[in-house]
Amino acid sequence: MKKSFLILLTVIMSVLLCACFWDSSADDGSTIPPATDNPGTSDTAADSTDQSTGTADQIPNTNAPNSGTADQIPNTNAPDSGTADTVIPPETVTPDTMVTTPPAPQVLICIDPGHGGKDAGAVWDGRMEKDDSLNLALKVAEQIEALGHKVLLTRTDDSYPYFSERADLANNAGADLFISLHRNSFEGAKGVEIWVSSKADDSTVDFAETLLDALADVGISKNRGIKKGTVSSANEDYFVNKLTDMPSCIIELGFIQSDEDNRLYDTNMDAYAKAIAEVAISEALRMEDQAK
Ligand SMILES: [Zn+2]
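Predicted, not measured: the structure shown is a model, and the values here were computed from it.

Analysis parameters
- Along each chain, numbering runs from 1 in the same order as the chain's sequence is written.
- Where local features are concerned, this predicted model is filtered to residues with pLDDT of at least 70; where side-chain atom pairs are given and counted, the filter is 80 or more; whole-chain, interface and lining totals use all residues.
- Based on all heavy atoms of the structure, the side-chain values leave hydrogens and waters out of the count.
- Exposure above 30% relative accessible area and the absence of a salt bridge qualify a residue for a patch, where like charges join within 9 Å and nonpolar side chains (Val, Leu, Ile, Met, Phe, Trp, Tyr) within 5 Å.
- Surface accessibility in these figures is a Shrake-Rupley result with a 1.4 Å probe; residues are shielded only by whichever protein chains are displayed.
- A pairing counts as a salt bridge when a side-chain nitrogen of Lys or Arg comes within 4 Å of a carboxyl oxygen of Asp or Glu.
- Labels follow the DSSP assignment, with helices taken as runs of H or I lasting at least four residues and strands as runs of E lasting at least two, numbered in each case from the N terminus.
- Throughout, exposure labels follow a simple rule: accessible area from a 1.4 Å probe, protein chains only, divided by the maximum for the residue type, with under 20% read as buried, over 50% as exposed, and the rest as partly exposed.
- In the cavity and pocket records, a cavity denotes points on a 1 Å grid over the protein atoms alone where a 1.4 Å probe fits but cannot get out, a pocket denotes an open set with protein on both sides within 12 Å along at least 5 of 7 lines, and lining residues are residues with an atom within 4 Å of a point.
- Grid points are joined across faces, edges and corners, and a volume is the space filled by probe spheres set on the points.
- Residues were grouped as follows: Ala, Val, Leu, Ile, Met, Phe, Trp, Tyr, Cys and Pro as nonpolar; Asp, Glu, Lys and Arg as charged; and all remaining residues, including Gly, as polar.
- Metal sites are built from N, O and S donor atoms within 2.8 Å, or 3.2 Å for Na, K and Ca, and they leave out water, so they may look incomplete.
- For the charge count, each Lys or Arg is scored as positive and each Asp or Glu as negative, with His and the chain ends excluded.
- Note on charges: their place is set at NZ of Lys, CZ of Arg, CG of Asp or CD of Glu.
- Nonpolar core, defined: a set of buried Ala, Val, Leu, Ile, Met, Phe, Trp, Tyr and Cys residues in which side-chain atoms within 4.5 Å join the residues together.
- Pairs of residues are marked as contacts when any of their non-hydrogen atoms sit within 4.5 Å.
- Between the first and last residue of a helix there are one fewer steps than residues, each counted as 1.5 Å, and that sum is the expected span.
- Two rings from Phe, Tyr or Trp (for Trp, the six-membered ring) form a pair when their centres are within 6.5 Å of each other. A pair whose planes differ by under 30 degrees is stacked, one over 60 is edge-to-face, and the rest are tilted.
- Placement of a positive charge over a ring is assigned whenever Lys NZ or Arg CZ falls within 6 Å of the ring centre and within 35 degrees of the normal to the ring plane.
- A pair of strands is treated as paired once DSSP finds two or more bridges between them.
- Interaxial angles span 0 to 180 degrees and are taken between N-to-C directions of axes, which are lines fitted to C-alpha atoms, for helices over the stretch in contact.

Would you mind going over a nonpolar patch on the surface with me for this structure?
A cluster of nonpolar side chains, Phe163, Phe239 and Leu243, forms an exposed patch at the surface whose accessible area comes to about 260 Å². Locating Phe239 in the fold gives a position in helix H5 (residues 239-243). Judged by relative accessible area, Phe239 falls into the partly exposed class, the value being 48%.

Right, here's the structure in full:
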């Protein structure tokens, strides 16, 4: 009996020991493998986490440029405020300029190219007065406009307006001065003369004298002076001088039979045009001042 008890006890102990070893091996088997695999993946995970935090670090970096951009906004505002500074003075200056600078006076000059169309005027050796007068008139008109004033031409092509139409054009437009351009005609004669109305006042005579002096300064063969009325009568007037309301004159710019006058006319046409335009403007302004 005692031996049997010992054998039973030994069996029981063995079973219990086996049970203990079996449980512990089962625990080791379930925990160890994940522990050995995890370091690699966990490191990677840690790296990716670091990267994410690195990315997170970059966010402040990207924020930094943003804040830099934000810094730039004041910078862009600064030029704006600078621009505002530069804008304000002109605004304050402009009214002063407008107050102190009066509008530039502007005059209207009527230029009348003599003859035209069916009326050739004086003709000599194929040369026609109507062409000479138109060529010079167009240049005078250019000069007047270039000087910032207004001009009215009684014709701009080979047409023939009646004297009354030429005068009406100037009168209706309220021209300040009327200047008719012609070439003279007489064999053996030369020089330049200007005709004014028989009733021309001193101011109109002064205007004509200033004009003739300016042409003489450019270069003419002879100064034949200022004349009143007509060739046939000092008491009559050429139509354009008679019918126009404003100071007017007729320039006989050299004789068409004179080679010398024709050469001077062709050579000096631009200078003649400039002189006529400048005198017309200055004289019109002078008369305007005297009328005030
Ligand atoms: Zn003529």
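How should empty space enclosed by the protein be read in this particular structure?
In this approach a probe as big as a water molecule rolls over the atoms, and the regions it shows empty are the leftover space. For the coordinates displayed, the defined rule picks out one cavity of 30 Å³ or more. In this structure, the largest cavity encloses a volume near 30 Å³. Along the walls of the largest cavity sit Val192, Ile220, Ser221, Leu253, Gly254, Asp261, Leu264 and Tyr272, which together make up its complete lining. Residue assignment for the lining of the largest cavity shows that the elements contributing at least two residues are strand S8 (248-255) and helix H6 (259-267). A class-by-class count of the residues in the lining of the largest cavity yields five nonpolar, two polar and one charged.

What is the right way to look at the coordination of the zinc ion in this model?
Metal coordination angles have textbook ideals: 109.5 degrees for a tetrahedral set of four donors and 90 or 180 degrees for an octahedral set of six. Looking at the zinc ion, one finds its protein donor set to be His115 (NE2), Glu129 (OE) and His182 (ND1), positioned 2.0 to 2.1 Å from the metal centre. Here the donor residues of the zinc ion share one chain and are spaced in sequence as H-x13-E-x52-H. Placement of Glu129 in helix H2 (residues 129-146) and of His182 in strand S5 (residues 177-184) is noted, with a sequence separation of 53 residues between them. You'll find Glu129 and His182 in the same group, each marked buried.

Before we go on, may I ask you to explain a negative patch on the surface in this structure?
Where like charges cluster on the molecular surface, the negative patch consists of Asp201, Asp202, Asp206, Glu209, Asp213 and Asp217. Locating Asp202 in the fold gives a position in helix H4 (residues 202-218). According to the relative accessible area criterion, Asp202 is exposed, its value standing at 63%.

What's the story with the nonpolar core in this structure? I'm lost.
Across soluble globular proteins, nonpolar side chains show a tendency to be buried alongside one another. Counting residues in hydrophobic clusters, the biggest one holds 41 residues, and the most contacted among them are Ile111, Leu136, Ile179 and Ile251. It is helix H7 (residues 269-291) that contributes the most residues to this core, eleven residues altogether. In contact with Leu136, other than residues within four places in its own chain, are Leu181, Leu253, Tyr265, Met269, Tyr272, Ala273 and Ile276. Cys110, Leu152, Phe178 and Trp195 belong to the second largest nonpolar core, which has ten residues in total.

Sorry if this is basic, but what is going on with H4 here?
Residues that lie three or four places apart on an α-helix share one face, since the helix turns once every 3.6 residues. Compared with an ideal rise of 1.5 Å per residue, which puts 17 residues at 24 Å, H4 spans 24 Å between its outermost C-alpha atoms and is within 8% of the ideal. For H4, the elements touching its buried residues are S5, strand S6 (192-196), strand S7 (223-228), S8 and H7. In the stretch just after H4, Gly219 is the one whose phi turns positive, near 135°.

Mind showing me how you'd approach the packing of aromatic side chains here?
What describes a pair of aromatic rings is the distance from one ring centre to the other and the angle between the planes of the rings. In the structure shown here, the tally under the stated rule is four aromatic pairs. Residues Phe163 and Phe239 carry aromatic rings whose centres are separated by 5.4 Å and whose planes lie at 25° to one another, so their mutual orientation is stacked. With a gap of 76 residues between them, Phe163 in helix H3 (residues 163-173) and Phe239 in helix H5 connect regions that are remote in the sequence. The partly exposed category is assigned to Phe163, whose relative accessible area is 34%. Positioned over the ring face of Tyr265 is Arg183, at 4.4 Å from the centre of the ring.

Looking at this structure, how should I read the sheet that holds S7?
Pairing between sheet strands relies on hydrogen bonds along the backbone, with the strands arranged either parallel or antiparallel. Within the open sheet, the six strands sit side by side as S4-S1-S5-S8-S6-S7. Their pairing is mixed. The outermost strands of the open sheet, each flanked by one partner alone, are strand S4 (150-153) and S7. Within the sheet, the average angular offset between the axes of one strand and its neighbour, ignoring direction, is 20°. In terms of strand pairing, S6 meets S8 through four bridges, oriented antiparallel. Of the residues in S8, the one forming a bridge with Glu193 is Glu252. The strands touched by H6 are S5 and S8; relative to S8, the strand with the most contacts, the crossing angle is about 115°.

I would appreciate a short explanation of the pattern of salt bridges in the present structure.
For side chains of opposite charge, pairing can occur when their charged atoms come near one another. Tallied over the entire structure, the rule returns 13 salt bridges. A salt bridge links Arg166 to Asp112, with the shortest nitrogen-to-oxygen separation between them at 2.8 Å. Note that Arg166 is positioned in helix H3 and Asp112 in strand S1 (residues 108-113), a separation of 54 residues in sequence. Summarising the burial analysis for this pair, Arg166 and Asp112 share the class buried. Residue Lys139 pairs with Asp270 through a salt bridge whose shortest N-O separation is 2.9 Å.

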